[in-house]
Amino acid sequence: METKMTKTAVRRVLPALSRRFLISEEEKKRRKLARNRIVGLFMAVLLAKRKAKRVKQQTRALRHLESHVKRMGSQVRLHRGTPGSTRDILQAPKVVYMPLLIFHPMSQYRLLWDVIMMTLLVYCLLSVPVMLAFKQDTSSSQEKCSAGFMGQDMWFYYDFTLDMTFLFDVFVNFRTAYFDGRSQ
């Protein structure tokens, strides 16, 4: 009786097996498309989780930065922009009117002045060693060095102008306002 049951079981299973292994090309394409959709959905979920993690980290960093900006007493507001956004990362604070000859530390003119001063400092950093190394010594030569202001060479006037610019920079730095931690 066992062999009969086995043969009966085989007869029942055989059509199911033949259907499983004898799949048409159309069925193979349909299954492959379904598999690709599942993989695509899985990858989309994975990428969304990664992006959500990155957004959380950016939000945490932005809040940390905002707390530092508030402690400095600035009115600058920070926000996270989206790609293609036309908004600036730093929104301009309200217009602050300063007294005469007091410069706002974040004004465009003050920042431009700092860039100009940095450029002149880099020039001095490079030119002073070169001039010291390669300028001819006039004390040992037969030429007499002119003691008058108008009798100097071109480099003297250029260096004098730089010195006066740096002296004026001291005045500008003394007249620049600063952020006080106590006020908003």
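Everything in this summary refers to the structure shown in the same document. The model shown is predicted, which means the values in this text are computed figures rather than measured ones.

Let us look at the side chain of Arg110. Here Arg110 is to be found in helix H3 (residues 108-134). In contact with Arg110, other than residues within four places in its own chain, are His104, Pro105, Val172, Asn173 and Thr176.

Look at H3 against helix H4 (residues 154-174): their axes get within 11 Å of each other, and the N-to-C directions meet at 140°. The angle between the axes of H3 and H4 places the two elements in the oblique class. The handedness of the crossing between H3 and H4 comes out as left-handed. On H4, the residues that touch Arg110, Trp113, Met117, Leu120, Leu121, Tyr123, Cys124 and Met131 of H3 are Trp155, Tyr158, Asp159, Leu162, Thr165, Phe166, Phe168, Asp169, Val172 and Asn173. Split by residue class, the contact of H3 with H4 holds 13 nonpolar, 2 polar and 3 charged.

Scanning the model with the defined rule gives 3 salt bridges in all. Between Glu27 and Arg31 there is a salt bridge, with its nearest N and O atoms 3.1 Å apart. Placement of the pair is Glu27 and Arg31 together in helix H2 (residues 25-72), with a separation of 4 residues, close to one helical turn. For Glu27, a relative accessible area of 22% gives the class partly exposed. Overall, the relative accessible area of 40% leaves Arg31 in the partly exposed class. In this structure, Asp114 and Arg110 form a salt bridge, with 2.6 Å as the shortest nitrogen-oxygen distance.

How each quantity is defined
- Residues numbered from 1 in each chain as written.
- Predicted model: local features only at pLDDT ≥ 70, side-chain atom pairs only at ≥ 80, totals over all residues.
- Heavy atoms only, no water.
- Helix = DSSP H or I, 4+ residues; strand = E, 2+ residues; numbered from the N terminus.
- Contact = heavy atoms within 4.5 Å.
- Axes fitted to C-alpha atoms, helices over the stretch in contact; angles between N-to-C directions.
- Parallel < 35°, antiparallel > 145°, perpendicular 65-115°, else oblique.
- Left-handed = near helix turned anticlockwise from the far one by under 90°.
- Nonpolar A, V, L, I, M, F, W, Y, C, P; charged D, E, K, R; others polar.
- Salt bridge = Lys/Arg side-chain N within 4 Å of Asp/Glu carboxyl O.
- Buried < 20%, exposed > 50% of the residue type's maximum accessible area, 1.4 Å probe, protein only.

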